[in-house]
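Report on the structure
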Amino acid sequence: LAGLDADQRAKLAKRPELEEAVAQIERGIQDAIEASAAAEAAAAANRAESVRRLAESASKIVFDEEFACPVCTEPFEAATYALPCRHVFC
């Protein structure tokens, strides 16, 4: 310290204050990262719940028998007409 002038000693005296400010900024960044991760996890949980509800509601769909294949009883898939009676099946 003996070879330092007054300006350099003043700068050196501010070092602990600046180090604390840097530490606060780093803690703020870490808190923001953690908050972002928590928000992303919550959004993923909401999307998963939406998909679950959609799948649940899709499983409750009742198809009109008019569109059901008389052979497999499922909804028509690539329906075919038989000639000459015009029966429909898939």
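Our subject is the structure that appears above.
Let me sum up the structure you'll find in this document.

Cut-off values and rules
Residues numbered from 1 in each chain as written. Predicted model: local features only at pLDDT ≥ 70, side-chain atom pairs only at ≥ 80, totals over all residues. Heavy atoms only, no water. Helix = DSSP H or I, 4+ residues; strand = E, 2+ residues; numbered from the N terminus. Buried < 20%, exposed > 50% of the residue type's maximum accessible area, 1.4 Å probe, protein only. Contact = heavy atoms within 4.5 Å. Areas by Shrake-Rupley, 256 points an atom, 1.4 Å probe, with all protein chains shown as cover. Salt bridge = Lys/Arg side-chain N within 4 Å of Asp/Glu carboxyl O. Expected span 1.5 Å × (residues − 1). Bend = angle between axes of the 7 residues up to and from the residue. Polar contact = N/O pair within 3.5 Å; in protein donor to acceptor, adjacent residues only side chain to side chain. Patch = residues over 30% accessible without salt bridge, like charges linked within 9 Å, V, L, I, M, F, W, Y side chains within 5 Å.

This part takes up the overall build of the protein. On a plain count of helices and strands, the protein comes out with 1 helix and 2 strands. Taken along its principal axes, the extent of the C-alpha atoms in the protein is 110 × 25 × 15 Å. Residues classed as buried in the protein amount to 1% of the 90 residues present. For the protein, the share of sequence-separated contacts (at least 6 apart) that also reach a separation of at least 24 residues comes to 0%. By element, 60% of the accessible surface of the protein is carried by carbon and sulfur atoms, the whole surface being about 7,900 Å².

Right, let's talk about the pattern of salt bridges for a bit. Pairs may arise between side chains of opposite charge once their charged atoms sit close together. Taken as a whole, this structure holds 5 salt bridges when the rule is applied. Where E19 meets R15, a salt bridge forms, and the shortest distance between an N and an O atom there is 2.8 Å. Taken as a pair, E19 and R15 lie in helix α1 (residues 6-59) at a separation of 4 residues, close to a single helical turn. In this structure, E49 engages R53 in a salt bridge whose closest nitrogen and oxygen atoms are separated by 3.6 Å. A residue pair is termed a helical-turn pair when its members lie 3 or 4 positions apart in one helix, as E49 and R53 do in helix α1 at 4 residues. The structure contains a network of salt bridges with shared partners spanning E49, R52, R53 and E56.

Time to look at α1. For α1, which comprises 54 residues, the first-to-last C-alpha distance of 79 Å matches the rise-based estimate of 80 Å (1.5 Å per residue) to within 8%. Residue R15 marks the point of greatest curvature in α1, where the axis turns by about 40°; the proline P16 follows within four residues. The backbone nitrogen of D7 lies 3.3 Å from a side-chain oxygen of the residue at the head of α1, namely D5.

Mapped onto the elements of the fold, L18 is located in helix α1. Residues L18 and A45, spaced 27 residues apart in sequence, show a C-alpha to C-alpha distance of 41 Å.

For the rest of this paragraph, the subject is a nonpolar patch on the surface. On the surface, I25, I29 and I33 cluster together to form a nonpolar patch covering roughly 290 Å² of accessible area. Considering the arrangement of structural elements, one finds I29 in helix α1.

Scope: geometric values only; no functional claims are made or implied.
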